[in-house]
Amino acid sequence: MYERLLDKTLAPTFTELLNYSGPSREWWLELDAYLQNEFSAKQQIRFPYGNKYGWSTKYSVKNRHICDVFAEKEAFAVHLRVSNDCLDAIYDDLSDEAKKICDAKYPCSEGGWITYRVLSQEQLTEVKKILRAKICLSILKSQKR
């Protein structure tokens, strides 16, 4: 369950990644449209982080990495680094499930890495909320420089 595409020699297309995610395909398409339409995000198919992660679609805004979306059997998982400032700004508005995922982040510098598996519309809504906060905070910080 939730197996990833781990053969580094077989580069998939975006359509193949979507199809692999099965019933979650429509939610991934919604997330893709959200990132591209709202934030002009660019996507790139890649095999990041080593052999256990598999193929993903990387999303970036103005050359800043936003997240990777990993194709999984019957699902997809959004993997992103978030700052504590970002989480503090939205934490009270997150569901209990999203709070647990954020609380269990892998620590890194002034924040950490979270992986959020999307299996429902509600989970997609939470992911979009986290991504919006991350992108908006990132844009604000870059404008201050």
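Our subject is the structure that appears above.
An account of the accompanying structure is given in this report. (Residues numbered from 1 in each chain as written. Predicted model: local features only at pLDDT ≥ 70, side-chain atom pairs only at ≥ 80, totals over all residues. Heavy atoms only, no water.)

## Observations concerning the overall build of the chain
Next, step 1: Counting its regular elements, the chain contains five helices and six strands.
Next, step 2: Counted from the first residue to the last, the chain has its helices and strands arranged as α-α-β-β-β-β-α-α-β-β-α.
Next, step 3: On C-alpha atoms alone, the chain measures out to a radius of gyration of 15 Å, which is about the 15 Å that the 2.2 N^0.38 rule sets for 145 residues.
Next, step 4: Taken over the C-alpha atoms alone, the chain extends approximately 40 × 35 × 30 Å along its principal axes.
Next, step 5: The buried share of the chain, reckoned over its 145 residues, is 44%.
Next, step 6: For the chain, the share of sequence-separated contacts (at least 6 apart) that also reach a separation of at least 24 residues comes to 59%.
Next, step 7: About 8,000 Å² of surface is accessible on the chain, with carbon and sulfur atoms providing 50% of the total.
Next, step 8: Taken together, the 22 basic and 20 acidic charged side chains of the chain have centroids lying 8 Å from each other. (Helix = DSSP H or I, 4+ residues; strand = E, 2+ residues; numbered from the N terminus. Rg over C-alpha atoms; globule rule 2.2 N^0.38 Å. Buried < 20%, exposed > 50% of the residue type's maximum accessible area, 1.4 Å probe, protein only. Contact = heavy atoms within 4.5 Å. Areas by Shrake-Rupley, 256 points an atom, 1.4 Å probe, with all protein chains shown as cover. Lys, Arg positive; Asp, Glu negative; His and termini not counted. Charge placed at Lys NZ, Arg CZ, Asp CG, Glu CD.)

## Observations concerning the sheet that holds strand S2 (residues 56-61)
Next, step 1: Ordered in space as S1-S2-S3-S4-S6-S5, the six strands form an open sheet in which the pairing is antiparallel. The open sheet has two free edges, formed respectively by strand S1 (42-46) and strand S5 (106-108), since each of these has just one partner strand. For this sheet the average axis-to-axis angle between neighbouring strands, irrespective of direction, equals 25 degrees. (Pairing = 2+ DSSP bridges. Axes fitted to C-alpha atoms, helices over the stretch in contact; angles between N-to-C directions.)

## Section: the nonpolar core
In globular proteins that are soluble, nonpolar side chains generally tend to be buried together.
Next, step 1: Judged by nonpolar contacts, the single largest core of 38 residues is most densely connected at Trp28, Leu31, Leu35, Cys67, Val78 and Ile130.
Next, step 2: A total of six residues in this core trace back to one element, the largest contributor, which is helix H5 (residues 121-144).
Next, step 3: The residues touching Trp28, leaving out its near neighbours within four places in the chain, are Phe14, Leu17, Leu18, Ser21, Thr57, Tyr59, Val69, Phe70, Ala71 and Phe76. (Core = buried A, V, L, I, M, F, W, Y, C linked by side-chain atoms within 4.5 Å.)

## Overview of the state of the cysteines
Next, step 1: Scanning the entire structure with this criterion turns up zero disulfides.
Next, step 2: Not engaged in a disulfide, the cysteine Cys86 finds its nearest cysteine sulfur in Cys102; these two sulfurs lie 8.3 Å apart.
Next, step 3: Free of any disulfide, Cys108 has its nearest neighbouring cysteine sulfur in Cys86, separated by 14 Å.
Next, step 4: Residue Cys108 is classed as partly exposed on the basis of its relative accessible area of 24%. (Disulfide = S-S within 2.5 Å.)

## Let's talk about the pairing of strand S4 (residues 75-83)
Consecutive side chains of a regular strand alternate in pointing toward one face of the sheet and then the other.
Next, step 1: Among the nine residues of S4, seven are classified as buried, and the element is accordingly described as predominantly covered.
Next, step 2: By the bridge criterion, five bridges tie strand S3 (residues 64-72) to S4 in an arrangement that is antiparallel. Across the sheet, residue Glu72 finds its bridge partner in S4, namely Ala75.
Next, step 3: From the end of S3 to the start of S4, which pair antiparallel, there are two residues, and Glu74 there has a positive phi angle of about 70 degrees.
Next, step 4: Across eight bridges, S4 lies against strand S6 (residues 111-118) in antiparallel orientation. Bridged to His79 within S6 is Thr115.

## Let's talk about the side chain of Ser60
Next, step 1: With respect to the helices, strands and loops of the structure, Ser60 is situated in strand S2.
Next, step 2: A relative accessible area of 15% means that Ser60 is categorised as buried.
Next, step 3: Not counting residues up to four positions away in its chain, the partners in contact with Ser60 are Ser40, Ala41, Lys42, His65 and Ile66.

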